[in-house]
Amino acid sequence: MPARPTPAVRSAMTGEFDHSFTAGQLLPRFGRPEEVARTVLFIVVDATFSTGAGFVLDCGVTAGPPTVLTPAP
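In this report, we go over the structure that sits alongside the text. Counting of residues starts from 1 at the beginning of each chain's written sequence and follows it residue by residue. Under the rules for a predicted model, residues below a pLDDT of 70 receive no local features and side-chain atom pairs below 80 are neither given nor counted, while totals for whole chains, interfaces and linings still include all residues. With hydrogens and water set aside, each side-chain value is computed from the structure's full complement of heavy atoms.

So, on to the overall build of the protein. From N to C terminus, the protein includes 2 helices and 0 strands. Per-residue burial over the protein gives 12% buried out of 73 residues. Here, two residues are considered to be in contact whenever any of their heavy atoms come within 4.5 Å of each other. By sequence separation, contacts in the protein at least 24 residues apart represent 48% of the contacts at least 6 residues apart. A total of about 6,300 Å² of accessible surface is found on the protein, and carbon and sulfur atoms cover 66% of it. Working definition: helices are DSSP H or I runs of at least four residues, strands are E runs of at least two. Numbering for both runs from the N terminus. For the exposure calls, accessible area comes from a 1.4 Å probe over protein chains only, and a residue counts as buried if that area is under 20% of its type's maximum, exposed if over 50%, partly exposed in between. Here the accessible surface of atoms and residues is derived via Shrake-Rupley with a 1.4 Å probe, and residues count as covered only by protein chains that are part of the display.

In structure tokens form, the structure reads like this:
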């Protein structure tokens, strides 16, 4: 049985994208398939010194919203 797209993926595919979904992300958009493919290619070809690394492709969701630091007076 094929996987069914989530509402967010379905809206991105139909052009009815809800921008509030990505408002808090560092990169306010969905990743493109070629971006994921480039990461996989990097892991397979170039990441020869990586062991047990986790590569997170979530447009900054797990990093949290941007924070602006101001210098102390």
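Picking up after the structure, the text goes on.
Geometry of an aromatic ring pair is reported as the spacing of the ring centres plus the angle between the planes. A pair of Phe, Tyr and Trp rings is counted when the ring centres sit within 6.5 Å of each other, with Trp represented by its six-membered ring. The angle between the planes then sorts it: under 30 degrees is stacked, over 60 is edge-to-face, the rest tilted. With the rule as written, the count across this model stands at 1 aromatic pair. Judged by centre distance (6.0 Å) and plane angle (75 degrees), the rings of Phe42 and Phe55 are edge-to-face. One end of the pair, Phe42, is in helix 2 (residues 33-46); the other, Phe55, is in the segment after helix 2, and 13 residues separate them in sequence. For Phe42, a relative accessible area of 37% gives the class partly exposed.

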